[in-house]
Amino acid sequence: MVLRDETDKHALEKIRKDFVANASHELRTPLSIINGYLENLVEGDIETPEEAKRAYTVMKKHGDRLASTVEDLLVISRMESGEHDAVRAEEFDFRACAQDVVHRLSPVIQSKEACVTLDMRKALR
């Protein structure tokens, strides 16, 4: 008789399942948004040039989000296969990211009658 403690194996399997579920959600959400706007454009529900430009802008943003998610998945795959240069350091515009998050959440912020203030004084290194 051979006994093995496979607790770690089961925990790792749960992490993998959760990861797949989260990755699927991260792919499905922007696809749904893009497809919704495309359907509106095809059916003629978007009539003015301003509405069309807004639709294209939103679709571009979510297309970029899809590309970023796929790139993240490829990096994870390369890391798991042992590539040492799978992750690279690069500049990140935190200010733009934070402003984008606040902008996306503005309907929720307004509905809760809340106020968000971004204080981004330059940090000393």
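Residues numbered from 1 in each chain as written. Predicted model: local features only at pLDDT ≥ 70, side-chain atom pairs only at ≥ 80, totals over all residues. Heavy atoms only, no water.

Asks: Looking at this structure, how should I read the overall build of the chain?
Replies: For the chain, the count of helices and strands is four helices and zero strands. Compactness check: the chain gives a C-alpha radius of gyration of 21 Å against a globular reference of 14 Å for 125 residues, more than 25% above the reference. Oriented by its inertia axes, the alpha-carbon framework of the chain measures out at about 75 × 50 × 35 Å. Among the 125 residues that make up the chain, the fraction classed as buried is 14%. Sequence separation of 24 or more characterises 47% of the internal contacts of the chain that already satisfy a separation of 6 or more. Accessible surface for the chain amounts to roughly 11000 Å². Of this, 57% is attributable to carbon and sulfur atoms. (Helix = DSSP H or I, 4+ residues; strand = E, 2+ residues; numbered from the N terminus. Rg over C-alpha atoms; globule rule 2.2 N^0.38 Å. Buried < 20%, exposed > 50% of the residue type's maximum accessible area, 1.4 Å probe, protein only. Contact = heavy atoms within 4.5 Å. Areas by Shrake-Rupley, 256 points an atom, 1.4 Å probe, with all protein chains shown as cover.)

Asks: I'm lost on helix α1 (residues 7–43) in this one. Help?
Replies: Think of an α-helix as turning once every 3.6 residues; residues three or four places apart then point the same way. The end-to-end C-alpha separation of α1 is 53 Å, in line with the 54 Å expected for 37 residues at 1.5 Å each. When we look at burial in α1, the residues that qualify are Ala23, Pro30, Ile34 and Tyr37. Of the surrounding elements, those touching the buried residues of α1 are α2 (49–80). Following α1 by one or two positions, glycine 44 adopts a phi angle in the positive range, close to 80°. (Expected span 1.5 Å × (residues − 1).)

Asks: Would you mind showing me how to read the side chain of histidine 62 here?
Replies: In this fold, histidine 62 is placed in helix α2. Take histidine 62: its relative accessible area is 9%, and that puts it in the buried class.

Asks: Explain unusual backbone geometry to me, please; I cannot follow it from the model alone.
Replies: Glycine aside, residues mostly have negative phi angles, and peptide bonds mostly take the trans form. Backbone geometry at glutamate 113 places phi at a positive 50°, although glycine is not the residue there. Assignment of secondary structure puts glutamate 113 in the segment after α4 (106–111).

Asks: Looking at this model, I keep getting lost on the nonpolar core. Mind explaining?
Replies: In globular proteins that are soluble, nonpolar side chains generally tend to be buried together. The biggest cluster of nonpolar side chains holds eight residues, and these are Ile34, Tyr37, Ile46, Ala52, Ala55, Val58, Met59 and Leu66. Counting residues per element, this core draws most heavily on α2, which supplies five residues. When neighbours within four sequence positions are excluded, leucine 66 is seen to be in contact with Leu27, Pro30, Leu31 and Ile34. (Core = buried A, V, L, I, M, F, W, Y, C linked by side-chain atoms within 4.5 Å.)

Asks: Sorry if this is basic, but what is going on with the pattern of salt bridges here?
Replies: Any two side chains of opposite charge can pair, so long as their charged atoms come close to each other. Inspection of every chain in the model, using the stated rule, returns nine salt bridges. Among the salt bridges present, the one from glutamate 6 reaches lysine 9, with a minimum N-O distance of 3.9 Å. Judged by its relative accessible area of 54%, lysine 9 is exposed. When the shortest N-O distance is used, the salt bridge between glutamate 71 and arginine 78 registers 3.4 Å. On the accessibility criterion, glutamate 71 (32% relative accessible area) is partly exposed. Shared partners join several salt bridges into a network, and the residues in it are Arg4, Glu6 and Lys9. (Salt bridge = Lys/Arg side-chain N within 4 Å of Asp/Glu carboxyl O.)

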